Amino acid sequence: MPSAFSLYNTLTKNAESFEPIEAGKVGIYVCGMTVYDHIHIGHARAMIVFDSFVRYLRSAGWDVNFVRNFTDVDDKIINRANEAGEDPLAYAQKYIDAFHKDGDALGLLRPDKEPRVSTSMEAIFTLIRSLLERGHAYKSEGSVWFDVASCGDYGKLSRQKVDELRSADESAGKKNSADFALWKAVKPGEPSWESPWGAGRPGWHIECSAMAAECIGETIDIHGGGLDLVFPHHENEIAQSECGHGKPYARYWMHNGLLNMAAGQKMGKSLGNVINVRAALEDYPAEVLRLYYLQNHYRSPLLWDDQALPTALAMMCRLYEALEVAQSLAGNEPAATVVSDLGDDAKAVWQLGNSFADKLDQSLAQDFNTAQPIGHLFELARAINRFSNHKKAKKRGGPVVQPAIQGFKKVADALGLFQQEPAQFFVQVREKCIRKLGITATDVENLLDERKAARAAKDWDRADEIRAELDAKSIQVMDSPDGVTWRVSIQ
Ligand SMILES: [Zn+2]
């Protein structure tokens, strides 16, 4: 039996217990990218939130059908492609490939299905045909329009009144200003497909209604996306699907909050502050970005400033350090014996470790609260560090930290953090940080060799000088009986 959970439903504005359409299964459709540029840190929030949510559902025992589309036919793509003198579909394909590359680097699971507009025309025709037959759409000058007045509860997701609305689709031939295009008549310089209503291309919203029905069913369990999609996109999806199929569309609407730029700026190309995921990943491991997004509740607005990733990096280092310390503790006595011998710090780490899994489950089951368990993880990390300072912990503490280590593993399964061993993570940090410091690993190794030679020659001044030089570059040198290792120190 999969574990029960609740979700805040944008449609009802309430947290509700999740009831699947089919026992044990979740069909989730998430609006994906319009592919005309690289994925930026704003898009990445939705990607990471729903990726982690799907991981959580699977770890909780649900059989998940995860669908995320690509919008590969769209005004912006056509305009950009035309400016570049490229074929719009080839242009979109280029950015689908880039998305896959960046998404893989970001640690995103590939969805079970990734439909795209250009290969979903039959499903789009079927839905438009049904809307025309049922009297919810009309043809005019080679285009097909959705008749908003025919849809009694139009506006129910965004709670807006129809008579105050205008759709962005401006054209002569539509009856009401709120009506939006299902099919747009062909225009010069645009890609087009033959349809029962003449040559043209689909409007923006129809694709998601058609692809959700094709990939999941006419009624789906969960529909996800960014809060900015509630109106008009998701409102129009509901209208099309419910009027076209005569059934409820999505039972739960799950929207992630947006990323806000510091000083109240919105991220936008025109503001010159778009940060590509690809660029961010040059300087930071992917899990640092994931932690940055998940440390906040998915529905809260998230502030972005130039300290966002450095802070998340320092946080991730602290967590991996604690895990590394825990893994380094040895011993094979029963944990209870060690706990009773080693006192309060042993007891704290044992208790926090043992209660962690339940606390994690509870938080995630309540509207996917990832912020709280991350807080608990820091509590656990502090307890591990305190305990590991005890002289006897090194040789006997292993069994005491086992539940804590299991806790990290559970976070790995449910949220996609800790996908590697601490040592691998620190190598990654080292490589990325030294790049930023303007020094190479070889430079560091050479300086360390020189320091070794100086020490052998008892030239302590030179040895200290080198250490200070490395220190100034945030390179932390660690002497141990096994030799010298180094790390980039993170504040
Ligand atoms: Zn969509």
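Source: prediction; values computed, not measured.

## Section: the packing of helix 16 (residues 441-456) against helix 17 (residues 460-472)
Stage number 1. At a minimum axis separation of 8 Å, helix 16 and helix 17 run at an interaxial angle of 160°. Judged by the angle between their axes, helix 16 and helix 17 are roughly antiparallel. The handedness of the crossing between helix 16 and helix 17 is left-handed. Mapping the contact onto sequence places Val444, Leu447, Leu448, Glu450, Arg451, Ala454 and Arg455 in helix 16 and Trp460, Arg462, Ala463, Ile466, Arg467, Glu469 and Leu470 in helix 17.
Stage number 2. Of the residues assigned to the contact of helix 16 with helix 17, the class counts are eight nonpolar, no polar and six charged.

## A closer look at the sheet that holds strand 5 (residues 137-140)
Stage number 1. If you walk across this open sheet you meet the four strands as 5-6-7-8, and the pairing is antiparallel. Only two strands of the sheet have a single partner each, and these edge strands are strand 5 and strand 8 (200-202). Neighbour to neighbour, the strand axes of the sheet diverge by 20° on average, direction disregarded.
Stage number 2. Docked against the sheet, helix 4 (residues 121-133) engages strand 5, strand 6 (143-146), strand 7 (180-185) and strand 8, running at close to 120° with respect to strand 7.

## Observations concerning the coordination of the zinc ion
Stage number 1. Coordination of the zinc ion by the protein comes from Cys31 (SG), Cys208 (SG) and His233 (NE2), over a distance range of 2.0 to 2.2 Å.
Stage number 2. In primary-sequence terms, the residues that donate to the zinc ion follow C-x176-C-x24-H. In this pair, Cys31 is assigned in strand 3 (residues 25-34) and His233 in helix 6 (residues 230-245), connecting sequence segments 202 residues apart.
Stage number 3. Owing to a relative accessible area of 9%, Cys31 belongs among the buried residues under this scheme.

## Overview of helix 10 (residues 335-342)
Stage number 1. Within helix 10, burial applies to Ala335, Val338, Val339 and Leu342. In a view along the axis of helix 10, the buried residues occupy a sector of 100°, so they form one face of it. Turned more than 90 degrees from where helix 10 packs its buried face, Ala336 and Ser340 sit exposed.
Stage number 2. Packed against the buried residues of helix 10 are helix 11 (344-365), helix 12 (371-388), helix 13 (393-396) and helix 14 (398-415).
Stage number 3. At the C-terminal side of helix 10, Gly343 shows a positive phi close to 90°.

## Notes on the domain arrangement of the protein
Stage number 1. Along its sequence, the protein is organised into domain 1 (6-271), domain 2 (304-421) and domain 3 (439-488).
Stage number 2. Between domain 1 and domain 2, the contact holds 15 residues from the first and 12 residues from the second.
Stage number 3. Roughly 1100 Å² of surface becomes buried between domain 1 and domain 2 when both sides are summed, with 61% attributable to carbon and sulfur atoms.
Stage number 4. Summed over the three residues of domain 1 that lose the most area to domain 2, namely Ser6, Arg55 and Tyr56, the buried surface amounts to 41% of that side.
Stage number 5. Applying the counting rule to domain 1 against domain 2 returns six residue pairs in polar contact (both at pLDDT 80 or more).
Stage number 6. When residues of the side of domain 1 that touches domain 2 are traced back to their parent elements, those giving at least two are strand 1 (6-9), helix 1 (41-59) and strand 11 (259-261).
Stage number 7. No other element matches helix 1, which puts seven residues into the side of domain 1 that touches domain 2.
Stage number 8. Residues belonging to the side of domain 1 that touches domain 2 are distributed by class as follows: 10 nonpolar, four polar and one charged.

## Topic: the nonpolar core
Inside soluble globular proteins, nonpolar side chains tend to come together where they are buried.
Stage number 1. Phe5, Ile28, Phe53, Ile222 and Phe418 are the most contacted members of the largest nonpolar core, which totals 113 residues.
Stage number 2. No other element matches the 12 residues that helix 9 (residues 308-328) contributes to this core.
Stage number 3. Setting aside residues up to four positions removed in sequence, Phe53 forms contacts with Phe5, Leu7, Ile28, Ile222, Met254 and Phe368.

## Concerning the packing of aromatic side chains
Each aromatic ring pair is summarised here by two numbers: the centre-to-centre distance and the angle between the ring planes.
Stage number 1. If you walk through the whole model with that rule in mind, you get 24 aromatic pairs.
Stage number 2. Look at Phe53 and Phe368: their rings are 5.2 Å apart centre to centre, the planes differ by 70°, and that puts the pair in the edge-to-face class. In this pair, Phe53 sits in helix 1 while Phe368 sits in the loop between helix 11 and helix 12, placing the two residues 315 residues apart along the sequence.
Stage number 3. The class of Phe53 is buried, set by a relative accessible area of 0%.
Stage number 4. Phe368 gets classed as buried once you look at its relative accessible area, which sits at 1%.
Stage number 5. Site record: aromatic cluster; members linked through ring pairs are Phe5, Phe18, Phe53, Tyr56, Trp62, Tyr252, Tyr298 and Phe368.

The rules behind the values
- Residues numbered from 1 in each chain as written.
- Predicted model: local features only at pLDDT ≥ 70, side-chain atom pairs only at ≥ 80, totals over all residues.
- Heavy atoms only, no water.
- Axes fitted to C-alpha atoms, helices over the stretch in contact; angles between N-to-C directions.
- Helix = DSSP H or I, 4+ residues; strand = E, 2+ residues; numbered from the N terminus.
- Parallel < 35°, antiparallel > 145°, perpendicular 65-115°, else oblique.
- Left-handed = near helix turned anticlockwise from the far one by under 90°.
- Contact = heavy atoms within 4.5 Å.
- Nonpolar A, V, L, I, M, F, W, Y, C, P; charged D, E, K, R; others polar.
- Pairing = 2+ DSSP bridges.
- Donors = N, O, S within 2.8 Å, 3.2 Å for Na, K, Ca; no water.
- Buried < 20%, exposed > 50% of the residue type's maximum accessible area, 1.4 Å probe, protein only.
- Arc of directions from axis to C-beta.
- Domains from an automatic or database assignment.
- Buried area = accessible area lost by both parts, 1.4 Å probe.
- Polar contact = N/O pair within 3.5 Å; in protein donor to acceptor, adjacent residues only side chain to side chain.
- Core = buried A, V, L, I, M, F, W, Y, C linked by side-chain atoms within 4.5 Å.
- Phe/Tyr/Trp six-rings, centres within 6.5 Å; stacked < 30°, edge-to-face > 60°.

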